Amino acid sequence: MSTSLLPVHLILRIALECTTVTHAISEIERLGGPGSSQHILMADSTSGSRACEISPRGSIYLPQPPSGVNVHTNHFLENHFVEEVSWQVGSVPRLKRIKELVNQIKDEHKKLDAISPKLLRERVFSDRQGAPTAICCHVVNKDGTSAVTSTLFNIVMEFELGMPPKAEVQFGRPGDINTSAICYLPW
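Now for a description of the structure that goes with this document. Just so you know, these numbers come straight off a predicted model, no measurement behind them.

**Concerning the overall build of the protein chain**
Here is step 1 of the chain: Helix and strand counts for the protein chain come out as 4 helices and 8 strands.
Here is step 2 of the chain: For the protein chain, the sequential pattern of α-helices and β-strands runs α-α-β-β-β-α-α-β-β-β-β-β.
Here is step 3 of the chain: Taken over C-alpha atoms, the radius of gyration comes to 17 Å for the protein chain, in line with the 16 Å a tight globule of 187 residues would show.
Here is step 4 of the chain: In terms of overall dimensions, the protein chain has a C-alpha envelope of 45 × 45 × 30 Å along the principal axes.

Written out as structure tokens, the structure reads:
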């Protein structure tokens, strides 16, 4: 953390005002990065998406993988400027599980455009393997009450070159009966 750099919320606002991923990255770098370490995903309609692991000590901007599907959990994958404390014990196994499920889906469907947000919610984001720190997380205390760690919502964003971005948001834990209706973006 660095108190001499901008809070991440201001960095995000500045990035939102940029028209391309390249422009956003150059602005983040020009400003010296954020005051705290974060992972953000950026995309535009011409250059695809980038997973950005930003920190006050240096940032890494991962290119869109050949699979076309960016996946990330709660730890840095490539940014070794920061020595991370292992505060999210389920992060590494969750990432492995997500990649496994996405690869299964890709093998079944062969074409990336056949992978819909609905399919991802049903097959990946509702996955409870590895509970209590599963992809779809819900930790229950020994007394039966819910702990503070839980999946609150799901968002699937689609960025196709030359197409406007779109997203689907569902509040609640995917696969539960008490989830919200799907909110489509843009409205």
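What follows picks up the thread again.
**Quick look at the packing of aromatic side chains**
Here is step 1 of the chain: One pass over the full model with this rule turns up 1 aromatic pair.
Here is step 2 of the chain: Seen from their ring centres, F153 and F171 are 6.3 Å apart, and the 45 degrees between their planes marks the pair as tilted. Taken together, the residues span a long stretch of sequence, with F153 in strand 6 (residues 153-158) and F171 in strand 7 (residues 166-171) at a distance of 18 residues.
Here is step 3 of the chain: The class for F153 is partly exposed, based on a relative accessible area of 46%.

**Quick look at the nonpolar core**
Here is step 1 of the chain: In this structure, I28, I40, M42, C52, I54 and Y61 are the most contacted members of the largest nonpolar core, which totals 13 residues.
Here is step 2 of the chain: Breaking this core down by element, the ones donating at least two residues are helix 1 (8-16), helix 2 (21-30), strand 1 (38-44) and strand 2 (48-54).
Here is step 3 of the chain: Broken down by element, the residue count for this core peaks at 4 residues, all from helix 2.
Here is step 4 of the chain: With sequence-adjacent residues up to four places away left out, Y61 is seen in contact with I25, I28, E29, R50, A51, C52 and I54.
Here is step 5 of the chain: Within the second largest apolar cluster, 10 residues are counted, among which are L101, I105, L119 and I135.

Reading guide: rules and limits
- Residues numbered from 1 in each chain as written.
- Predicted model: local features only at pLDDT ≥ 70, side-chain atom pairs only at ≥ 80, totals over all residues.
- Heavy atoms only, no water.
- Helix = DSSP H or I, 4+ residues; strand = E, 2+ residues; numbered from the N terminus.
- Rg over C-alpha atoms; globule rule 2.2 N^0.38 Å.
- Phe/Tyr/Trp six-rings, centres within 6.5 Å; stacked < 30°, edge-to-face > 60°.
- Buried < 20%, exposed > 50% of the residue type's maximum accessible area, 1.4 Å probe, protein only.
- Core = buried A, V, L, I, M, F, W, Y, C linked by side-chain atoms within 4.5 Å.
- Contact = heavy atoms within 4.5 Å.

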